[in-house]
Amino acid sequence: MVQRLRVRYAKRGPLRFTSHRDFARAFERALRRAGVPMAYSAGFSPHPKISYAGAAPTGVASEAEYLEIGLAQVSDPEATRSALDCALPPGLDVVEVVEAEPPALADRLEASRWRIVLDGVEPAVAEAAVAAFLAADCVEVERKTKDGTRTVDARAVVVALRVAGPGATGVSAVDETAPTAFCAILDVVMRHITPAVRPDDVLTALRHVSSLSTPVTPLVTRLAQGRLDEASPADAGSHPRLIDPLNRDVATTTPPR
Amino acid sequence: MPVESLFARLEPLLPGVSKPIQYVGGELHSAVKDWDAVDVRWALMYPDAYEVGLPNQGVQILYEVLNERADTLAERTYSVWPDLEAVMRAHGIPQFTVDAHRPVRSFDLLGVSFATELGYTNLLTALDLAGIALPADERTDDDPLVIAGGHAAFNPEPIAEFIDAAVLGDGEEAALRITDIVRDWKAEGRPGGRDGLLLRLAHDGVAYVPSFYDVDYLPDGRIRRVVPNRPGVPWRVSKHTVMNLDAWPYPKKPLVPLAETVHERYSVEIFRGCTRGCRFCQAGMITRPVRERSITTVGEMVQRGIAATGFEEVGLLSLSSADHSEIGEIAKGLADRYDGEQVSLSLPSTRVDAFNVTLANELSRNGRRTGLTFAPEGGSERMRKVINKMVTEDDLIRTVSTAYGNGWRQVKLYFMCGLPTETDDDVLQIAEMAKHVIKAGREAAGRKDIRCTISIGAFVPKPHTPFQWAAQLDHETVDRRLRALKAAVMGDRDYGRSIGLRYHDGRPSIVEGLLSRGDRRVGGVIRRVWEDGGRFDGWSEHFSYERWESAAAEVFAGTPVSMDWYTTRERELAEVLPWDHLDAGLDKDWMWEDWQDAVREVEVDDCRWTPCYDCGVCPTMGTEIQIGPTGRPLLPLSPV
């Protein structure tokens, strides 16, 4: 391996239903069609060097998914981006490719910012739910996992949460002949932890602490990932900045441990 | 009138169902054409789950062939899982295509490919969800023509009341011909309506229209006769045979799905047809004669297919791939071409001879040698003479010794249980054979950790084969013989642990037997089973034998026929079979002779290498064997 490239890609529209496994398979085929000179692992069944960073759940759209590939020949990042983007179906879009530099990609992805579109929810109802949630120290929710249910604290991971204001209805592709009357949009920044707490869990928590109900399946989009900018305001009502993980500036600062 | 996409209504519901990506479409090389810019619109269906249906070669070929026409569009639809079916019913969403999510009912034609009869209940689900009346005679001019194809269409009688027409044999030219007929009929202002169009199809001979034939029965339940009820409709409808496969190099750009499917590879048919003459094999009988694709075309298709898809595996498909006249050159040429690249080659390896191992060695040059598969089909020498699978035990032992000696660690052997004239002892012979395989294999490999897996299916007699007259073995006896075989394998101290045994219970095969050799009276059973919740009958977790048993008992009550009557009853030469008016080209007298030869344990050679034995296909269908060698090399790689 002579070069590592970091890739930002988006999962848009109907293709947000692509699971991570599905994406991985499609991406490997796209690498082959695009003729990207991949480095392969040694051993009995060689596989291309790709490392994925925490993928968005199936059904959640994303503007900011990341992965890293290892190449056997030095390639131009922009040429690689455009070749890969052409080789992937519209809706799986390669947005940016840069050469990898320390620190490691995983260390640059500390938190995510999500947009949650709640069709059919009055903004005032959403406001009340958000206020109740933020006032709590801890909101435990049950989550179904492969091995049963697990209880997680949805409040602890939320760095910031606000109602971004009423949006245009029909954002979540509801039948336009029967428009829902209202639409509330949540803007939430959540820290990545293990085991994962997802936007879904925050929605469950909001329903727990208030009378919020969501008549239509909410449309969730990951807008950004990155490290939390320490310089930005820290109180939960405002908007902390996420530092672009592909930004070269980051390379000069050491992540806090 | 443009047809609205249903996706906006479907999308909010998808998060609640399993694997939603399968309903989204957007596969690489899928096509969405302007509805109003074409004259003829096909919905193509494979009546099983997307993961099984998407890789289907037949559907992919027709999809591409039809979409290449400027005046035609083709979209695909698959069976939806019961969770989505419930959601669609609750929200009034009809059966849709995955390409543009258009309602299936809006199309001119719904072509359904039946590789197996177990898809029949899924056809009913799709029709019902689409809002198309199940009985064909209740459909209106606003409904598409429902046309069945695939191997099961060689006896479509059990679904005769649900389909408008059936196409027998190769679909490429037939689909284009039907498209022409539909286009002209529409351009002329749809004279005669639906009936007029069906008459055109029937008169042309391109398709079989069941409603234009009356079936009379004898008091004992057998068929008295099948006669056309319209002037100008042929007494017998013939299959289609594409000659010159090099002129039809499809699929050129196979669909590459996002969802995981059962076959993730670029498959190229290296020939169609088979004249090995295995008497149980419907595919080998109805696809005659052998038509090879040339080494040059195979080489070009693989090159283009890999470049267009990014697949890592190439499958060289046919009914007996090692029989291609230039298979050695094809295998070596492809192995050379992809040496050092991450492309693996596979060959369904069922022929039992050492040459097959040489081929497999060549194809796995760069990869792992895990398992090789052979299909002796019958456990005893006698049984293999009955089914005309000309393999001696010595052949098999020699072959597997070569395989184990060449580093292969596992050999899989396919057998059938319930073949005509079979005794308990014939089945127990399978255990003996497996022990000999392990013994010889250990010697050849010089190690003890080799394995042999025996995979056994229950035999189902099929239409248009010499065994079409045979009694199917009852499932109790099949199960008893398989239990005895298992005891014989497991009880062996020396070899038992090196032998794996895979089999299913015999009951699904009885249902398959009912549907395979059934007539129009079986349609009522299919409908009853479907009303009772029958879905995805090819999946053991959805299949219910009891449902079929009780539906058959109910529908056949007070009639001379029964589930047993259709399955375990042997037929006589004089009996009119439900598919006698459908012509696969096989001479009925020859088939009867071959059936008698089977019982007498007399074998017949392959007509590719020995004189013609008059099966009837070539003279009846105006076809001929097309085999090489061409003597040409696999073309070197050229820039695409």
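It should be emphasised that the depicted structure is a prediction, and the values quoted were computed from it without experimental measurement.

A. Layout of the overall build of chain A. Of regular secondary structure, chain A possesses four helices and eleven strands. Here chain A holds 257 residues, and the buried ones make up 49% of them. Contacts spanning at least 24 positions in sequence make up 76% of the contacts within chain A whose residues lie at least 6 apart. As displayed, chain A has an accessible area near 11,800 Å², and 52% of this comes from carbon and sulfur atoms.

B. Geometry of the overall build of chain B. Scanning chain B for helices and strands turns up 21 helices and 18 strands. Taken over C-alpha atoms, the radius of gyration comes to 25 Å for chain B, in line with the 26 Å a tight globule of 640 residues would show. Burial analysis of chain B (640 residues in total) assigns 61% to the buried set. Relative to all contacts within chain B whose residues are 6 or more apart in sequence, the contacts with residues 24 or more apart total 77%. Just so you have it, chain B exposes about 23,600 Å², and 50% of that area is on carbon and sulfur atoms. Computed over 73 positive and 97 negative side-chain charges, the inter-centroid distance for chain B is 3 Å.

C. Highlighting the packing of aromatic side chains. For the structure shown, the criterion picks out 18 aromatic pairs over all chains. With a centroid separation of 5.7 Å and an interplanar angle of 80 degrees, the aromatic rings of B:Phe459 and B:Phe467 are classed as edge-to-face. Given the relative accessible area of 3%, B:Phe459 is considered buried. When the centroid spacing of 5.0 Å and the interplanar angle of 85 degrees are considered together, the rings of B:Trp565 and B:Tyr566 count as edge-to-face. The exposure class assigned to B:Tyr566 is buried, which follows from its relative accessible area of 1%. One aromatic cluster in this structure is built from A:Tyr9, A:Phe23, A:Phe27 and A:Tyr52. The lysine or arginine in question, B:Arg76, covers the ring of B:Tyr63, its NZ or CZ lying 4.9 Å from the ring centre. We note B:Arg569 situated over the ring of B:Trp565; from NZ or CZ to the ring centre the distance is 3.8 Å.

D. Quick peek at the state of the cysteines. Residues and elements named next belong to chain B. One pass over the full model with this rule turns up zero disulfides over all chains. Of the cysteine sulfurs around Cys278, a residue in no disulfide, the closest is that of Cys281, at 6.2 Å. With no disulfide of its own, Cys612 lies 6.5 Å from the sulfur of Cys607, the closest cysteine sulfur. Judged by relative accessible area, Cys612 falls into the exposed class, the value being 59%.

E. Seen up close, the interface of chain A and chain B. In this complex, chain A contributes 24 residues to the contact, which on the side of chain B involves 28 residues. The largest share of the area that chain A buries against chain B comes from A:Phe17, A:Arg29 and A:Arg32, three residues that together contribute 30% of it. Here chain A is connected to chain B by six salt bridges. Here A:Arg25 makes a salt bridge to B:Glu260, at a shortest N to O gap of 3.8 Å. Joining chain A to chain B, the criterion identifies nine residue pairs in polar contact (both at pLDDT 80 or more). Classifying every residue of the side of chain A that touches chain B by side-chain character gives twelve nonpolar, four polar and eight charged.

F. Highlighting unusual backbone geometry. Between A:Pro102 and the following residue, A:Pro103, the backbone shows a cis peptide bond with an omega angle of 0 degrees. Within the secondary structure layout, A:Pro103 lies in the loop between strand S4 (92-99) and strand S5 (111-119). The residue after A:Thr194, namely A:Pro195, is reached through a cis peptide bond having omega -5 degrees. Considering the arrangement of structural elements, one finds A:Pro195 in the loop between strand S9 (183-191) and helix H4 (199-209). Here the phi dihedral of B:His29 falls at roughly 75 degrees; this positive angle occurs in a residue that is not glycine. Mapped onto the secondary structure, B:His29 falls in the loop between helix H1 (7-10) and strand S1 (40-49). Positive phi, close to 45 degrees, is recorded for B:Phe536, a residue that is not glycine. In this structure, B:Phe536 sits in the loop between helix H17 (523-531) and helix H18 (545-556). Residue B:Phe536 is classed as buried on the basis of its relative accessible area, which comes to 2%.

G. Just the domain arrangement of chain B, in detail. Residues and elements named next belong to chain B. In terms of domains, chain B is made up of domain 1 (7-238) and domain 2 (265-368 + 605-640). Placing the centre of domain 1 and that of domain 2 at their C-alpha centroids yields a distance of 30 Å. Across the boundary between the two partners, domain 1 contributes nine residues, which contact eleven residues of domain 2. Summed over both partners, the interface of domain 1 with domain 2 comes to about 820 Å²; 51% of that surface belongs to carbon and sulfur atoms. The largest contributions to the domain 1 side of the interface with domain 2 come from Gln57, His151 and Asp170, which together make up 51% of the buried area. Our count for the contact surface shared by domain 1 and domain 2 stands at three salt bridges. Here Glu172 makes a salt bridge to Arg272, at a shortest N to O gap of 2.6 Å.

H. Focus on the environment of B:Leu6. All names here are of chain B. For Leu6, the position within the fold is in the segment before H1. For Leu6, a relative accessible area of 8% puts it in the buried group. Measuring from C-alpha to C-alpha, the distance between Leu6 and Val98 comes to 10.0 Å, with 92 residues separating the pair along the chain. When residues no more than four places from it in sequence are discounted, the contact partners of Leu6 are Pro94, Phe96, His101, Arg102 and Pro103.

I. Just the side chain of B:Arg279, in detail. All names here are of chain B. Mapped onto the elements, Arg279 comes out in the loop between strand S10 (271-272) and helix H8 (282-286). A polar contact of 3.1 Å, which involves the side chain of Arg279, links it to the side chain of Asp594. Among the polar contacts made by the side chain of Arg279, one reaches the main-chain carbonyl oxygen of Val602 at a distance of 2.7 Å.

J. Region of the structure containing the pattern of salt bridges. Within this structure, the stated rule accounts for 77 salt bridges over all chains. In this structure, the salt-bridge partner of A:Glu110 is A:Arg191, at a minimum N-O distance of 3.4 Å. Residue A:Glu110 is found in the loop between S4 and S5, and its partner A:Arg191 is found in strand S9; the two are separated by 81 residues along the sequence. A salt bridge links B:Arg183 to B:Asp184; its shortest N-O distance comes to 3.3 Å. Given the relative accessible area of 33%, B:Asp184 is considered partly exposed. Several salt bridges share partner residues, and in doing so they unite A:Arg21, A:Asp22, A:Arg25, A:Arg29, B:Glu260 and B:Glu264 into one network.

K. Quick look at the side chain of B:Asp426. Residue and element names in this part refer to chain B. Relative to the elements of secondary structure, Asp426 occurs in helix H14 (residues 424-445). Polar contacts involving the side chain of Asp426 include one to the main-chain amide nitrogen of Thr423, which spans 2.9 Å. For Asp426, the contacting residues outside a window of four places in its chain are Gly379, Ser380, Arg382, Met383 and Thr421.

L. Examining the pairing of strand S10 (residues 219-228) of chain A more closely. All names here are of chain A. Along S10, eight of the ten residues are buried, which leaves the element largely enclosed by surrounding structure. Here two bridges tie strand S3 (residues 61-71) to S10, and the two strands are oriented parallel to one another. Within S10, the position partnered with Ala61 by the bridge is Thr221. Here S10 runs beside strand S11 (residues 242-243); their pairing, made up of two bridges, is antiparallel. Bridging across to S11, Leu228 finds its partner in Leu242.

Cut-offs used in this document
- Residues numbered from 1 in each chain as written.
- Chains lettered and ligands numbered in written order.
- Predicted model: local features only at pLDDT ≥ 70, side-chain atom pairs only at ≥ 80, totals over all residues.
- Heavy atoms only, no water.
- Helix = DSSP H or I, 4+ residues; strand = E, 2+ residues; numbered from the N terminus.
- Buried < 20%, exposed > 50% of the residue type's maximum accessible area, 1.4 Å probe, protein only.
- Contact = heavy atoms within 4.5 Å.
- Areas by Shrake-Rupley, 256 points an atom, 1.4 Å probe, with all protein chains shown as cover.
- Rg over C-alpha atoms; globule rule 2.2 N^0.38 Å.
- Lys, Arg positive; Asp, Glu negative; His and termini not counted.
- Charge placed at Lys NZ, Arg CZ, Asp CG, Glu CD.
- Phe/Tyr/Trp six-rings, centres within 6.5 Å; stacked < 30°, edge-to-face > 60°.
- Lys NZ or Arg CZ within 6 Å of the ring centre and 35° of its normal.
- Disulfide = S-S within 2.5 Å.
- Buried area = accessible area lost by both parts, 1.4 Å probe.
- Salt bridge = Lys/Arg side-chain N within 4 Å of Asp/Glu carboxyl O.
- Polar contact = N/O pair within 3.5 Å; in protein donor to acceptor, adjacent residues only side chain to side chain.
- Nonpolar A, V, L, I, M, F, W, Y, C, P; charged D, E, K, R; others polar.
- Domains from an automatic or database assignment.
- Pairing = 2+ DSSP bridges.

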